[in-house]
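Chain by chain, the residues run as shown.
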Amino acid sequence: MRSPLPLALALPLALVACQEKGSGITVGGSGAVEGCTLTLDGLKDSQWVMLKTMPDKTEVPDHRTRMKFIEEGGQTKVMYNVGSLSDVYTYGCTKSGDELTCREVARPRDWCQALLVGGGECTAEVLKGYDPTMTDEEVAKAIEEANANVTKYKGGADWKQFELNNNNLGNKLQGLLYIKVDDRKCRLRITDNYMTIYNGKKVEDSNPVGTNPFVKHEGGELLWEHCKDGGDVATLASPDYPTDLANVPVIREAALGQEVHFHYLGQDGRAPVEGCEYSYDLWFDGTAPQRGLKPETVDVGGKPELRWHWAHTWSEPNKDGTPLAGTTTIHRKWTCADATKSGEEVSCAALVIR
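Residues numbered from 1 in each chain as written. Predicted model: local features only at pLDDT ≥ 70, side-chain atom pairs only at ≥ 80, totals over all residues. Heavy atoms only, no water.

Got a sec to walk through the sheet that holds strand 4 (residues 89–96)? Specific residues and values, please.
Pairing is antiparallel around the closed barrel formed by 8 strands, whose spatial order is 1-2-3-4-5-6-7-8. With direction set aside, neighbouring strand axes in the sheet form an average angle of 35°. Across 4 bridges, strand 5 (residues 99–103) lies against strand 6 (residues 174–182) in antiparallel orientation. Bridge pairing in strand 6 links Arg103 to Leu176. (Pairing = 2+ DSSP bridges. Helix = DSSP H or I, 4+ residues; strand = E, 2+ residues; numbered from the N terminus. Axes fitted to C-alpha atoms, helices over the stretch in contact; angles between N-to-C directions.)

Below, the structure is given as structure tokens:
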């Protein structure tokens, strides 16, 4: 499992590992639901959000931690943001009895590196034991690349750092989800774990989300785009386009009720290409999208230039009393007469709202 982008929530990570998945604690109120028809086979195209317990013991759905079930190539998959402000990952799922187990895509080279650095043995048999669906070619390539990397660094000035990167309990090598139906309360029980390899042995530990109930989201579309660019959106107190792009007066905090302005400043989004049409969609805190917006075209020194500007005001604090991380996501799209020039990009930004 990957390290989060800078926009990811800074949550503490418990590093006490265990060989078996933890039982966890399911929070939530009492009260059975009659006539529940929820099954693991009927999750396709449904959205789910974590049910969070408030300080006063009431429960509220929290879409900041969310998942969506889809089907690709005949396989059930789940898109999951792991409680992050900017990341969305896709896990492939298999059903066994009354449980759905969902895993991130295998990374056999990284597994092999971790085994070798930690004093373990990396063989085709070991890797196939971690994921029997991998082909012989994939496994052979992973072993070759991992051995080459270890040989490259071993004994060199960067060996200690390479060793630390590949042999520590926080080295998330694969995200894991264990999903069951809570028939009594007609909701899902999610256990969010990750796999790592430490001192040559496979270890499984809990992600910060832990084990919690998730309830079906009926409040409209949520954001399922993975943000790949967290540095080109400027957060500003003024709507004015920055006059000096080398010294942009960005703000990191804003007050409730304060209008915050955003400008996309990436070089790839400034000069329009002839024959291309531009549009964008906006999201705030992962919900309530604004679609089909158009950038402004202005004249700069006799040449056209695109301006991607939008604004938002946060007026409600978090219900749980935690600082509000105001996030915005822009999904830029350009469709060109020459299809090879068409494209899209997802960028994002966040600031603290107090």
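Don't stop here, the text continues.
Describe the pattern of salt bridges, listing the residues and the values that go with them.
As enumerated under the stated definition, the model contains 15 salt bridges in all. The salt bridge partner of Glu253 is Arg354, with a shortest N-O separation of 3.2 Å. Of this pair, Glu253 sits in strand 10 (residues 253–254) while Arg354 sits in the segment after strand 17 (343–353), placing them 101 residues apart in sequence. Arg354 gets classed as exposed once you look at its relative accessible area, which sits at 55%. Notably, a salt bridge pairs Arg291 with Asp281, separated by 3.1 Å at the nearest N-O pair. Linking Arg291 in strand 13 (residues 287–293) with Asp281 in strand 12 (residues 276–284), this pair joins segments that are 10 residues apart in sequence. (Salt bridge = Lys/Arg side-chain N within 4 Å of Asp/Glu carboxyl O. Buried < 20%, exposed > 50% of the residue type's maximum accessible area, 1.4 Å probe, protein only.)

Tell me about the packing of helix 1 (residues 108–117) against helix 4 (residues 159–166), residues and numbers included.
Closest axis-to-axis distance for the helix 1/helix 4 pair is 9 Å, and the angle between their directions is 115°. As for the relative orientation of helix 1 and helix 4, their crossing is left-handed in sense. Taking contact as the criterion, the partners of Gln113, Ala114 and Val117 in helix 1 are, on helix 4, Trp159, Phe162, Glu163 and Asn166. (Left-handed = near helix turned anticlockwise from the far one by under 90°. Contact = heavy atoms within 4.5 Å.)

Which residues make up helix 1, and what values do they have?
Taking burial as the measure, the 10 residues of helix 1 include 8 buried ones, the bulk of the element. Buried residues of helix 1: Pro108, Asp110, Trp111, Cys112, Gln113, Ala114, Leu115 and Val117, and no others. Along its buried surface, helix 1 packs onto helix 2 (124–130), helix 3 (136–153), helix 4, strand 6 and strand 7 (187–198). After helix 1 finishes, the residue Gly119 shows a positive phi value of roughly 85°.

Please provide a residue-by-residue account of the state of the cysteines, values included.
One pass over the full model with this rule turns up 5 disulfides. At a sulfur-sulfur separation of 2.0 Å, the disulfide partner of Cys276 is Cys336. As the torsion about the S-S bond is roughly 105°, the Cys276-Cys336 disulfide counts as right-handed. Note that Cys276 is positioned in strand 12 and Cys336 in strand 16 (residues 324–336), a separation of 60 residues in sequence. The pair formed by Cys276 and Cys336 is uniform in burial state, with each residue classed as buried. The connectivity of the disulfides in the chain is 1-6, 2-3, 4-5, 7-10, 8-9, where the numbers refer to bonded cysteines in sequence order. (Disulfide = S-S within 2.5 Å.)

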